[in-house]
Amino acid sequence: MTTTPVQWPAGYRINPRAEGPGADIVEAFQGLPAAAIGDAMSRQIGTIGLRQYHARIDTQIAGPAFTVRVRSGDNLMIHKALLIVQPGDVLVIDGGGDVSQALVGGLMRTTCVARRVAGLVIDGAVRDLAEWAEDGMPIFARGHTHRGPSKDGPGEINVPVSVAGLAVLPGDLIVADADGVIAVPAAEAADVLARTRAHLEKEAKIRESNRTGTADPERFDAVLRAKGLPV
């Protein structure tokens, strides 16, 4: 028996949810700093220009990406995504960086809490800041405005997106904290986890040598000499 492919209207698409890494991997990333993960991934990966709108600076997100791409200032497909998102997913919304109209507000926050979304990452604007500041639903966004969205579409769900300079595929592991947002490819998550842990162990040794005043001057002097400086 053959299944006829869905013929979506131009600009619309709803793909199945990508599973992403296993629950054990997601849990292992809990508490790991986004900066350390970025260091383990070449220091060139992550969002630029997003800020957190939840109040607690120590709040972290870790979960598989559920992606949405929308027209600037329109949230029709975000509402649809909230009907099919799974508990623990991170809603990653490509709004094109436009902040002239908010894509989500307090009413949608209530839905996110009820659906047990892990958090939101939005390349666009939010509103109802007092509600988002409450504990229980972390959110990172480009900006904010009181101006509300339209609900006309088009939009796409579970497609590759670009959010504030970060490429995200459905199912990528999203880790976000006060420093920024990182996307770890699901197939590479276990390897990145090991490299991040090793990097943190290295940092712990450097931190201790800094604290005790026993840092090796060759750490930087060797680099300077290689550049021709007489140190």
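Provided above is the structure to which this section pertains.
Residues numbered from 1 in each chain as written. Predicted model: local features only at pLDDT ≥ 70, side-chain atom pairs only at ≥ 80, totals over all residues. Heavy atoms only, no water.

## A word on the overall build of the protein chain
Basically, it comes down to this: In this description a helix means any DSSP run of H or I spanning at least four residues, a strand means any run of E spanning at least two, and both kinds are numbered starting from the N terminus. Residue contacts follow a heavy-atom distance rule, with two residues in contact if any of their heavy atoms lie within 4.5 Å. Reported accessibility uses the Shrake-Rupley method at a 1.4 Å probe radius. Residues are deemed covered only where the shown protein chains occlude them. Lys and Arg are tallied as positive, Asp and Glu as negative. Neither His nor the chain termini are counted. Where a charge lies is defined by one atom per residue type, namely NZ (Lys), CZ (Arg), CG (Asp) and CD (Glu).
Looking only at helices and strands, the protein chain has seven helices and 12 strands in total. Seen through its C-alpha atoms, the protein chain measures out along the principal axes to roughly 65 × 50 × 35 Å. Of the contacts formed within the protein chain by residues at least 6 apart in sequence, a portion of 76% connects residues at least 24 apart. Carbon and sulfur atoms make up 55% of the accessible area of the protein chain, which totals about 12000 Å². For the protein chain, the separation between the mean place of its 24 positive charges and that of its 27 negative charges on side chains is 2 Å.

## Things to note about the pattern of salt bridges
Where charged atoms from two side chains of opposite charge come close, those side chains can pair. Condition: Salt bridge criterion: a side-chain nitrogen from Lys or Arg within 4 Å of a carboxyl oxygen from Asp or Glu. Burial status follows relative accessibility: with a 1.4 Å probe on protein chains alone, a residue under 20% of its type maximum counts as buried, one over 50% as exposed, and anything between as partly exposed.
Summed over the entire model, instances satisfying the criterion amount to 11 salt bridges. We note a salt bridge from Arg-56 to Asp-58, for which the minimum N-O separation is 2.8 Å. Residue classification places Arg-56 among the partly exposed residues on the basis of a relative accessible area of 43%. Glu-208 is paired through a salt bridge with Arg-211; the nearest N and O atoms lie 2.6 Å apart. With Glu-208 and Arg-211 both in helix H6 (residues 189-212), this residue pair falls three residues apart, about one helical turn.

## A look at the packing of aromatic side chains
Filter applied, for reference: Note on aromatic pairs: the rings of Phe, Tyr and Trp (six-membered ring only in Trp) are paired at centre separations within 6.5 Å, and the planes decide the class, stacked below 30 degrees, edge-to-face beyond 60, tilted for the rest. When the NZ atom of lysine or the CZ atom of arginine is within 6 Å of a ring's centre and also within 35 degrees of its normal, the charge is said to sit over that ring.
Tallied over the full model, the rule gives zero aromatic pairs. One Lys or Arg, Arg-51, reaches over the ring of Tyr-53 and ends 3.9 Å from the middle of that ring.

By themselves, these figures tell us nothing about what the structure is for.
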